[in-house]
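Next come the chains, spelled out residue by residue.
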Amino acid sequence: MANQEDQFKKVLSHAKEYGYVFQSSEIYDGLSAVYDYAQNGVELKKNLREYWWKAMVQMHDNIVGLDAAIFMHPTTWKASGHVDAFNDPLIDNKDSKKRYRADVLIEDFAEKFEDKVQKEVKKAAKRFGDAFDEAQFLSTNPRVLDYRAKKEEILTRMGKSLEAEDLADVKAQIEELGIACPLSGSKNWTDVKQFNLMFGTKLGASAEHATDLYLRPETAQGIFVNFLNVQKTGRMKIPFGIAQTGKAFRNEIVARQFIFRQREFEQMEMQFFVRPGTQKEWYETWKESRLKWHLSLGLGMENYRFHDHDKLAHYADAAADIEFKFPFGFKELEGIHSRTDFDLKAHEEYSGKKLQYFDNEINKSYVPYVVETSVGLDRLFLAVFSNALQEEELEDGNTRTVLKLPAVVAPNKAAILPLVKKDGLPEIAKEIFDQLKFDFNVTYDEKDAIGRRYRRQDANGTPFCIAVDYETKEDNSVTIRHRDTMEQKRVKISELKSIIDAEVNMGVWLSKAK
Ligand code: ATP
């Protein structure tokens, strides 16, 4: 655990020190759970967005893009269920004045029984040595069974009371379990209240005539209300998809874990409209396809897993998360939801307009079913960034900090470094910069000794360094150094473009996702 925390701290400080992510309004002591993407972060984020967009829109002839406004007619959020049901149960501690999600307090408490199970497993493994059969131990040991039963009992009761909106029972459960405020140890709790996560705002200049609006809590609804416009003007035939990336806003009660849970974040969503009855198939197809896309970034299969939902949202008939192993454990990175015809039907009802498709293959009109893929761009950023940050022992006993970002999304593809700041070397280096800049983001650096500059670029995540030296003047050759292997090769300036392109070309990377 301590190790995980240390690693996470390193991620935070590296993100700041190397110009990836800053706390918002830092000079005013920051704004909680709001972040700014700095000079390198904005490039990484843009590249990840593009990597998604190409995989979705460019590579599918039946998926098109959309950029809907953040503001939407307020009835949208009544129809979608967000006004009535987009709530988290919150509870305040009267002594520490800290606010918590009541369900998270209970879940964390229940998880302690699981920790106890793991301790028993460890103890038994030590005692029995090679003869230890973990599966058998887990299914027969009375203490383990007791702990697991307790955990189940707690979660089942909580699930039932939340479903029945019985908030008094949620509080009663917190009191009966003796759950204390993690910060102060106090058990002096307020009642549990529902808290709507949407941010409200107003449209219009005068207070009397202003309309209440919401900042969108998800981008999906912009797609649903435009479904027919896109279908008709694009002459789309079912099955087809609409993809969109954009900001979403949620007034998260407990927003911790850096950019993992923010109040303003970016989603990349695709709604795939299908014939009713075929949704199960498409749901499976998209689950598989989305996992392959993640894997194409090369972060390693062992860092991903599916989590199929047992408890489904009101609109879904199947749902799964792709979870990623973040520095604080496996957590949701992307959701794949089979949303049925819930949203389109609701918009038909509230708007009084038909949102149907005439399927001439079966000669029938219907409201399509929808399979949605929804990934948080900031979470994807955190996954890629935290996975990339490594400390390596070198042969000479030193260590180096290296940010092994997938080259395809790295902010700068190459750094051009004149060996010294004189004798015409900077001029040649700048010429190389001017040649490469049309194809790649490249950077120029002449400060400090070359070894230090290499280290700086390693920590920045730049896949290639190109060193210009005296030999360059003789034969137009340069040294190209590879970030991950640290291998150095002598190549001609004229070859640079194709060498870099072979490693960073998006098409090449994306073809691995097939
Ligand atoms: P969680 O259970 O973690 O709150 P969710 O199930 O509410 O997430 P969805 O509504 O399915 O999330 O949203 C789709 C995606 O948007 C998530 O998989 C996640 O990547 C991203 N996302 C959701 N909330 C946030 C947030 N507060 N900050 C950053 N990304 C978010």
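Note that the structure is a prediction, hence the values are computed from the model and not measured. For every chain, the first residue of the written sequence is number 1, and numbering continues from 1 onward in sequence order. For a predicted model such as this one, the threshold for reporting local features is a pLDDT of at least 70, and the threshold for listing and counting side-chain atom pairs is 80 or more; totals across whole chains, interfaces and linings nevertheless cover every residue. Water and hydrogen atoms play no part in the side-chain values, which are based on all heavy atoms of the structure.

J.: What's the story with the environment of Val 402 in this structure? I'm lost.
T.: Helix numbers and strand numbers start at the N terminus; a helix is a DSSP run of H or I with at least 4 residues, a strand a run of E with at least 2. With respect to the helices and strands, the residue Val 402 is situated in strand β18 (residues 399-403). Between the C-alpha atom of Val 402 and that of Leu 162, which follows or precedes it by 240 residues, the distance is 46 Å. The contact partners of Val 402, leaving out residues within four places of it in the chain, are Ala 388, Leu 389, Gln 390, Glu 392, Asp 458 and Arg 483. The contact criterion used throughout is that any non-hydrogen atoms of two residues lie within 4.5 Å.

J.: Looking at this structure, how should I read unusual backbone geometry?
T.: Note: most residues except glycine have negative phi, and most peptide bonds are trans. Of note, the bond from Ile 238 into Pro 239 is cis; its omega dihedral lies within 30 degrees of zero at 5°. By the element assignment, Pro 239 lies in the loop between α10 (227-233) and β9 (240-249). Phi at Lys 97 is positive, roughly 65°, even though this residue is not glycine. Mapping Lys 97 onto the fold places it in the loop between β4 (87-92) and β5 (99-101). Buried residues are those whose accessible area, probed at 1.4 Å on protein chains only, stays under 20% of the maximum for their type, while exposed residues exceed 50% and partly exposed ones sit between those limits. Overall, Lys 97 belongs to the exposed group, its relative accessible area being 66%. Although it is not a glycine, Asn 363 adopts a positive phi angle of roughly 55°. Structurally, the position occupied by Asn 363 is in the loop between β14 (357-359) and β15 (364-366).

J.: Sorry if this is basic, but what is going on with the site of the ligand here?
T.: Residues are classed as near a molecule or strand on a simple rule: at least one heavy atom within 4 Å of it. Inspection of the region around the ligand gives 15 residues, with Glu 252, Arg 261, Gln 262, Glu 332 and Leu 333 positioned closest. Residues adjacent in sequence count toward polar contacts only when both atoms are side-chain atoms; beyond that, a polar contact is any pair of N or O atoms within 3.5 Å, and within protein one must be able to donate a hydrogen and the other to accept it. Here an oxygen atom of the ligand sits 2.8 Å away from a polar atom, N or O, in the side chain of Arg 261. In the environment of the ligand, an oxygen atom lies 2.7 Å from a nitrogen or oxygen atom belonging to the side chain of Glu 332. Contact with the protein chains removes 82% of the 590 Å² of surface that the ligand exposes when unbound. Looking at the shell around the ligand, the elements with two or more residues in it are β10 (264-274), β13 (329-340) and β16 (369-376). No other element matches the five residues that β13 contributes to the shell around the ligand. All amino acids are sorted into three groups, where Ala, Val, Leu, Ile, Met, Phe, Trp, Tyr, Cys and Pro are nonpolar, Asp, Glu, Lys and Arg are charged, and the leftover types, Gly among them, are polar. Residues of the shell around the ligand, tallied by class, amount to three nonpolar, six polar and six charged. Using a 1.4 Å probe, accessible areas were evaluated by the Shrake-Rupley method; residue-level cover was limited to the displayed protein chains.

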